[in-house]
Amino acid sequence: MNYPIGVIASLAALTLTQLSTASEFEDGVHSKPQHEVIYETQYQADIWGLGMGMRRGDIPFATEDDEVYDILPMLKYRNDYLFIDGMEAGLHLWKNEQHQVNAYTRFRFVDIPKELQNETQSQAFDFGLQYRFLQGPWEADAAFLSDSNKRSYGYTRTQYHWEKGSLYLNPYAEFHWKSADFNEYYYGLEQYEVGAGVEFNAGIKARYHLASNLYLLGQFGVGRLEDEVAHLPSMDTQYQYESYFGFAFYPDAKSRESMAVRVSSPDSDDDSEFLRLAHGWATPSNLNEIMTGSARTDPYNNQLTSLFYGTRLTDTLFTLPIELYFTPGAVWHHDSEVQGDLAEAVIAIKAFYTFEFGPKWRLGVAEGLSYISSVSHIEGTELEEKGYKPSKLLNYLDFSLDVNLGDIFNRHDMRNLWLGYSIHHRSGIYEKSSAFGRIGGGSNYQSVYLQWHF
């Protein structure tokens, strides 16, 4: 499923890449530069997207509960080096206009009763290799993946992109090729022997343009389990249905029957990229306490240092002067008397709104994903008190306020330098998402930073 958000995929490489923007139209006729890729629909051409929605999945196991729901964020981004499309992502190892070989990751849902999802945390991003073929509105791919315990599986998928007016449709069909140990663990629950098999899935995704940057998203799909798996005592159905409904922000573009879109790598505009260096201090307080000025200090003085890269996606949202940036980051949690050094990786899309109150100020908010090598002390103790098993992957939010130092010091050569305060927030969206371990709670750090645009 591609619409829910987004994905941790080779973040070290992400921080070094630069956005390739979609772009130039001259009476519908284009010359074809060396790096041109032709797309048939606006969805294929779109470089970025950010949204949120609810997924409903059937529970195929022999349990009292028949369905489970997830709130899932959605992130889309692509450039010459990688793509992120909801719950899958790839880093291009080799590609030309029609063919790609990618280091690939995809989220695997395990639909079980939600009260079991925190303990098992069996759903996860799996990693492997993907071959992808693109020909106009047609797309086909095949991938080989494995989970963290080397239980292997693969898939072959064909999909078609169709668009007319404000409506975009994406029918798809795929075969899942599953190994015996994969089936025995995820369907036989390590109690029943079962061999390798093939599962079939098909469905349709949809996007409808409401106004400006706002779109509705939807999906309906059905999967058919192979007979050997469906007849296990642990299962009670052979067919599994899923659906998704949400909303998202995408580039605002006029709908059209068919248009060739050129994606290249133009020269960067002035200040279209940034680097942000921040240092932060942990607080056991929640967001409400921090926002109201009642934040408490961490008795163990846990701290982090982060470096974020940003590349501009658009300088307007809903015709307002709101800039959006794709911003991956690397975070280092320093050791203390209660924890060792920890590494954290983040991908997000961040919005900035600039206003003048004497000097120029900016309000910022980011939405994305955060993965940490080991759960921090400030996060682990809160979850332990609440009875949750921690999750390394969580939803990421960043709230910031900064001021332009060029205005403060009346220095033209400092016009692209900003001094700011931010809140670094990880959480599980109030138990609403199995992708984040079905937990409620997380961690907060207050930080100061310098951000340089170039």
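See above for the structure.
Parameters and conventions
Residues numbered from 1 in each chain as written. Predicted model: local features only at pLDDT ≥ 70, side-chain atom pairs only at ≥ 80, totals over all residues. Heavy atoms only, no water. 1 Å grid on protein atoms, 1.4 Å probe; cavity = no way out; pocket = protein on both sides within 12 Å on 5 of 7 lines; lining within 4 Å. Points joined across faces, edges and corners; volume = space filled by probe spheres on them. Helix = DSSP H or I, 4+ residues; strand = E, 2+ residues; numbered from the N terminus. Nonpolar A, V, L, I, M, F, W, Y, C, P; charged D, E, K, R; others polar. Buried < 20%, exposed > 50% of the residue type's maximum accessible area, 1.4 Å probe, protein only. Contact = heavy atoms within 4.5 Å. Salt bridge = Lys/Arg side-chain N within 4 Å of Asp/Glu carboxyl O.

(A) Layout of empty space enclosed by the protein. Under the defined criterion, the tally for this structure stands at three cavities of 30 Å³ or more. Approximately 640 Å³ is the volume found for the largest cavity. Arg55, Phe109, His176, Glu199 and Asn201 are the residues nearest the centre of the largest cavity, which is lined by 31 residues in total. Of all the elements in the fold, those that place two or more residues in the lining of the largest cavity are β5 (99-108), β8 (152-160), β10 (167-178), α4 (180-186), β11 (197-211), β12 (214-224) and β13 (239-249). Of the residues belonging to the lining of the largest cavity, the class tally is 14 nonpolar, seven polar and 10 charged.

(B) Structural view of helix α7 (residues 377-386). Residues of α7 that are buried: Ile378, Glu379, Gly380 and Leu383. Of the surrounding secondary structure, the elements contacted by the buried residues of α7 are β14 (273-283), β20 (393-404), β21 (417-427) and β22 (442-453). The positive-phi residue at the C-terminal boundary of α7 is Gly387, with phi of around 85°.

(C) A look at the pattern of salt bridges. Applying the stated criterion to the full structure yields 25 salt bridges. With a closest N to O distance of 2.7 Å, Arg312 and Asp271 form a salt bridge. Residue Arg312 is located in strand β15 (residues 303-314), and its partner Asp271 is located in the loop between β13 and β14; the two are separated by 41 residues in the primary sequence. Overall, Asp271 belongs to the partly exposed group, its relative accessible area being 24%. Across the salt bridge formed by Arg411 and Asp413, the nearest N and O atoms sit 2.8 Å from each other. Among the charged side chains, a network of salt bridges with common partners joins Arg55, Asp111 and Glu242.

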